[in-house]
Amino acid sequence: MSNQNIEFKDSQIAWIGQIPKHWEVIRNKYVFTHKKEIVGSKFKNFDILSLTKNGIKIIVESDQKGKVPDSFETYQIVKKDDIVMCLFDLDVSAVFSGISKYSGIISPAYKIFNPKENLNFKFAGYFFDFVFVNRKFKQYSKNIRFTLGTDEFMNLKIPLPPLNEQKEIAEFLDKKCEIIDKRLNNLERKIKSLKEYKKSLISECVTKGLNPKNREFKDSQIPWIGQIPKHWEVKRLKYIATKIYKGNGITKEQIFENGDMPCVRYGEIYTKYNYSFDKCFSYTFEKVLNSTSYFGYGDILFTCTGELIEEIGKNVVYLGDKKCLAGGDIIILNHQQNPSFLNYALDCNYARNQKSHGKAKLKVVHISSREISNLFVVLPPLNEQKEIAEFLDKKCEKIDRLNENYTKQITTLKEYKKSLIYECVTGKKEI
């Protein structure tokens, strides 16, 4: 398809704009058939499918715990090349639509559609990928869960090129998106590899030191830790701490841009802070709080509530010079060790293993001040702590810069992919 000599017209759909003059704008009911075949008593050895943000996947047996019901009688039968859509929670849903590469069964919550003869299923897949990722259907539903019914969906319009052009567009996007996806996968592998290397590096340094070949070692007597330098100690955190205490609740309504007191809320430790920080993202006024809990330079903050077992008790060290307030669900550690070293030690693999040990997979995971105070920590002399912390600061900064660069490349590629799909399925790009 070439757009050099093609005239355009208004599609009458605001978020689509101009389309080639020879394209149609047609309601979904003229290009789709809605199907709903319930499993009922026919369930035998169907693959159980799941609609994810990366398309439709087969749920393997190891992933089924807590995610599927005891009975599949209400599930729907899906055939290869069916289009499955999530038409609820259109404002926040993490899953959208996908062309099924498999036959199997899927939750009754989703809608299943078959393209008619005038619609290429791959073209439709790309079009609705753009629609859902960009939340374009949200505007058509004003109910509480931003849900579209089947009839409402069928009455919405789609820009439709001739069938041969649909095929050309789909084939073009297949090739382009394959190249983009390979680059994205490669960048994501690099990020994952660097993160694993960073974890391994930190664990090695805080348990073996910077020159392990030239040292004598002893058994730490802790399975998660193993061998440590002979002159190092293993102590519970409560014997290192000068004080361990909890923060006090600070609500969203008590956060003010012009506040005079810097503060940290527990969720921000997960989302806004990495290993250390010297300035707070949030501010409040002391006068609006019923009670206060302060922290200062060198103090380490732990989250005592979270969604993931492996992230419970995430810690971050404060290296700023101002007095700050800690919100609820934060545990604060005062100590007289090297702040950066102790923070690395409390976030390495052996510390994470201790924090997550015995935790159940619940919606919300908790860790108490008592559990934090009983963590075992490997402790070298203060001069070695300083050397190790300075070494890790430099190495981790380089790793983080690399990952930041890869992350920016991923963002750019994803935006390019979204733009490419939009331009192709609305006829704005020459192919």
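What counts, and at which threshold
- Within every chain, residues take consecutive numbers counted from 1 along the sequence as written.
- Only residues with pLDDT of 70 or above have their local features reported here, since the model is predicted, and side-chain atom pairs are shown and tallied only from 80 upward, although totals for entire chains, interfaces and linings are computed over all residues.
- Just so you know, side-chain values use all the structure's heavy atoms and leave hydrogens and water out.
- Using protein atoms alone on a 1 Å grid, points that fit a 1.4 Å probe yet trap it form a cavity, whereas open point sets bounded by protein on both sides within 12 Å along at least five of seven lines form a pocket; residues with an atom within 4 Å of a point count as lining.
- Grid points are joined across faces, edges and corners, and a volume is the space filled by probe spheres set on the points.
- Under the scheme applied, nonpolar residues are Ala, Val, Leu, Ile, Met, Phe, Trp, Tyr, Cys and Pro; charged residues are Asp, Glu, Lys and Arg; polar residues are all the others, including Gly.
- The way it works is that DSSP assigns letters per residue, a run of H or I at least four long becomes a helix, a run of E at least two long becomes a strand, and they are numbered from the N terminus.
- An expected span of 1.5 Å times one less than the residue number is assigned to each helix.
- Grouping buried Ala, Val, Leu, Ile, Met, Phe, Trp, Tyr and Cys residues that are joined through side-chain atoms within 4.5 Å yields what is termed a nonpolar core.
- Throughout this description, buried means an accessible area under 20% of the type-specific maximum (1.4 Å probe, protein chains only), exposed means over 50%, and partly exposed covers the range between.
- Note on definitions: a residue-residue contact is assigned when non-hydrogen atoms from the two residues lie within 4.5 Å.

**Some points on empty space enclosed by the protein**
So, step 1. Scanning all chains against the criterion turns up 1 cavity of 30 Å³ or more.
So, step 2. Approximately 60 Å³ is the volume attributed to the largest cavity.
So, step 3. If you go around the largest cavity, the residues you meet are Cys86, Phe88, Leu90, Ser93, Val95, Phe96, Val131, Phe132, Arg135, Lys136, Phe137 and Lys138.
So, step 4. Grouping the constituent residues of the lining of the largest cavity by class yields 8 nonpolar, 1 polar and 3 charged.

**Some remarks on helix H8 (residues 382-425)**
So, step 1. When the terminal C-alpha atoms of H8 are compared, their 63 Å separation across 44 residues agrees well with the 64 Å that a helix rising 1.5 Å per residue should span.
So, step 2. A positive backbone phi angle near 75° is found at Gly427, which sits one or two residues after H8.

**A few points about the nonpolar core**
So, step 1. Phe32, Phe128, Phe137, Leu173 and Val206 are the most contacted members of the largest nonpolar core, which has 88 residues in total.
So, step 2. Setting aside residues no more than four positions away along its own chain, Phe137 makes contact with Leu87, Leu90, Phe128, Val131, Phe132, Leu148, Phe153 and Leu156.
So, step 3. If you look at the next biggest cluster of nonpolar residues, it comprises 14 residues, including Tyr245, Leu301, Ala326 and Ile332.

**Brief notes about the environment of Val60**
So, step 1. Relative to the helices and strands, Val60 resides in the loop between strand E6 (55-58) and strand E7 (76-78).
So, step 2. Judged by relative accessible area, which is 43%, Val60 ranks as partly exposed.
So, step 3. Sequence separation between Val60 and Leu49 is 11 residues; the distance between their C-alpha atoms is 9.1 Å.

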